[in-house]
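Understanding the architecture of this molecule
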Amino acid sequence: GSKVVMLFRNEKCPLQHNFILVKPGKLNDLGALADKMLTDPKAMAKSYIPESPEILAHGTKLIGLGQSELIEFTAPTEPGDYPYLCTFPGHWRVMRGLLVVEAP
């Protein structure tokens, strides 16, 4: 339930990236939705963020080389491992991690 403020920066990669936090166990589901966006002509305008009730938080845009974005969200209150990923085409399989929420 704590407020999270994260500075999301792309300092070295010429590709674009985003940040999406999802419900536990939903990484592959969101990855599959991200893959399907390759056929969506509006995907770039949507920053490759799929529509899903499994998404808990995300940035507002794609971050290119030398860019940054301040992302703010409220951390989940339920303990668990909350995956985060980049849904730019092809990235989610390697650009991912976990936000671990522990009981106080």
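Heads up: these notes are all about the structure in this document. (Residues numbered from 1 in each chain as written. Predicted model: local features only at pLDDT ≥ 70, side-chain atom pairs only at ≥ 80, totals over all residues. Heavy atoms only, no water.)

**Quick notes on the sheet that holds strand β3 (residues 55-58)**
Reading across from one edge, β3-β2-β5-β6 is the order of the four strands in this open sheet, with antiparallel pairing throughout. With one partner strand each, in any of the chains shown, β3 and β6 (96-101) form the two edges of the open sheet. Ignoring strand direction, the axes of neighbouring strands in this sheet form an average angle of 25°. Across three bridges, strand β2 (residues 20-22) lies against β3 in antiparallel orientation. By the bridge assignment, L21 is partnered in β3 with A57. Across the face of the sheet, helix α1 (residues 27-36) comes into contact with β2, β3, β5 (80-85) and β6 while running at roughly 15° to β5. (Pairing = 2+ DSSP bridges. Helix = DSSP H or I, 4+ residues; strand = E, 2+ residues; numbered from the N terminus. Axes fitted to C-alpha atoms, helices over the stretch in contact; angles between N-to-C directions. Contact = heavy atoms within 4.5 Å.)

**A look at the state of the cysteines**
For the structure on display, the rule yields zero disulfides. Free of any disulfide, C13 has its nearest cysteine sulfur in C86, 8.9 Å distant. The buried category is assigned to C86, whose relative accessible area is 2%. (Disulfide = S-S within 2.5 Å. Buried < 20%, exposed > 50% of the residue type's maximum accessible area, 1.4 Å probe, protein only.)

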